[in-house]
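# Examination of the molecular architecture
This is what each chain is made of:
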Amino acid sequence: MSDPLLPAFLGGLPVRPEGPPAWPFSDADVQAALAAAVASGAWGQYHGEHVCALEAELAVFHDVPHAITCASGTLAVEAALRALRVGPGDEVVMAAYDYESNFLTVHAIGAKPVLIDIHPDTWQLDPSQLEAAFTLQTKAVICSHLHGGVVPMRLVMEIAHRHNVGVVEDAAQAPGATVDGKPAGTWGDVGTLSFGGSKLLTAGRGGALLFSDPQLHQRAKLWLHRGLQQWAPLSELQAAALLPQLRNLPAMTAKRAENMRELAVMRSRDPEGSVCGALPFGSRLRDTVAAFYKLGFHFDPTAFGLTRELFVKAMRAEGVAFDAGFKALHVGRSPSRFRAVGDLPNATAAHERCIILHHPVLALSRPDVQQVADAIAKVYRYRDMFAERPPSTRG
Ligand SMILES: *Cc1c(COP(=O)(O)O)cnc(C)c1O
């Protein structure tokens, strides 16, 4: 029988035997809302009250005049680009480390992605790279707030507007966050949200757009409609499920932020805290209320003594939902598919070293968060027993 104290990956007992919490949590308010939508007949209607109510509440929540719901966050980004009149031959600037579907959406409308580097500390789009990317073909910038970090939107808007370039602010991972005193998704000319199955606000599928400008709102609305009907809408039942979640979002955001801070404190108290690479992205932000969809960390394989792949596997075996971050958009893709501004070293580093913790555990209690810290510390303690080592520490 092997030592129960060993990492679960090496035959010991897991820190969290029940595994990562499933998402979404069971929610009595959502169940009541769905039951009421079934009882009233709204479940089978084109135009019940729920979609309208959700659009109205999204606008109030974000303090903007207009919100439109639609079938997905990906579609919302496309509608946003089309509202900004991006089309064939245009260029769209985005971070080389971003959600892949944003890159593919730019291609889908016949435009070309122009990839800029991310900031070396925050691993978010770096506004200081924007001006070098702009040409006469540049029509728009896509900014995504990722992994609990936020893009400095005030600066992005100043630079983009000086060059007459539109901005799509993708807040799919940051509903309820505040950037420099304003809700995430309301800085850009168009803001977008996702209600996909893993997201903080979920209906399994769904998305939304936020606007201050009535003309952009009108253009997106026209493009999303074919006659009276939207052709890829949110359903009444999806909207019914989302309404109570939106009302509960500030409380959930506060809870996740508090647990993130606890985790950062626990990590910094650990003797090996510094070598885990690992203060979460959101822990250094000021004037900002972050939202935590996936919580990103800079992982340093050499300092930790394990490859990222092995670290993730070891954490999963402990019952803690760490994953590798996104693949950078310029890696392993034909250079004919994009234009790169510079060598993109920080996006390459994020491609190789970003790890992300899935959010559900952050909405539980302190002992659950302590398990995350304990699992990291345990795997670190036994790092020498893992056979596979990063090249620089192989000896
Ligand atoms: C999830 C996500 C989207 C798109 O969401 P879907 O609703 O799944 O299409 C867009 N951008 C970012 C950053 C995301 O995380």
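In this text, all values refer to a predicted model and were calculated from it rather than measured experimentally.

## Concerning the sheet that holds strand β16 (residues 354–358)
As a general point, the strands of a sheet are linked pairwise by backbone hydrogen bonds and lie either parallel or antiparallel. Strands sit in the order β13-β16-β14 across an open sheet of three strands; the sheet is antiparallel. Since the sheet does not close on itself, it has two edges, and those belong to β13 (294–298) and β14 (322–324), each with one partner. Taking the axes of each pair of neighbouring strands and ignoring which way they run, one obtains an average angle of 30° across the sheet. Taken together, the three bridges between β14 and β16 define a ladder with antiparallel strand orientation. Within β16, the residue paired with Ala324 across the bridge is Ile355. Strand contacts of helix α11 (residues 345–353): β13 and β16, with the helix running at about 55° to β16, the strand carrying the most contacts.

## Focus: unusual backbone geometry
That bond from Trp23 to Pro24 is cis: its omega, -5°, falls within 30 degrees of zero. Examined against the element boundaries, Pro24 turns out to sit in the segment before α1 (28–39). The backbone of Asp63 shows a phi angle near 60°, a positive value even though the residue is not glycine. Assignment of secondary structure puts Asp63 in the loop between α2 (50–62) and β1 (66–70). Judged by its relative accessible area of 68%, Asp63 is exposed. Its identity is not glycine, yet Trp123 carries a phi of approximately 55°, on the positive side. Take Trp123: it is sitting in the loop between β3 (112–116) and α5 (130–133).

Reading the values: the criteria
Residues numbered from 1 in each chain as written. Predicted model: local features only at pLDDT ≥ 70, side-chain atom pairs only at ≥ 80, totals over all residues. Heavy atoms only, no water. Pairing = 2+ DSSP bridges. Helix = DSSP H or I, 4+ residues; strand = E, 2+ residues; numbered from the N terminus. Axes fitted to C-alpha atoms, helices over the stretch in contact; angles between N-to-C directions. Contact = heavy atoms within 4.5 Å. Buried < 20%, exposed > 50% of the residue type's maximum accessible area, 1.4 Å probe, protein only.

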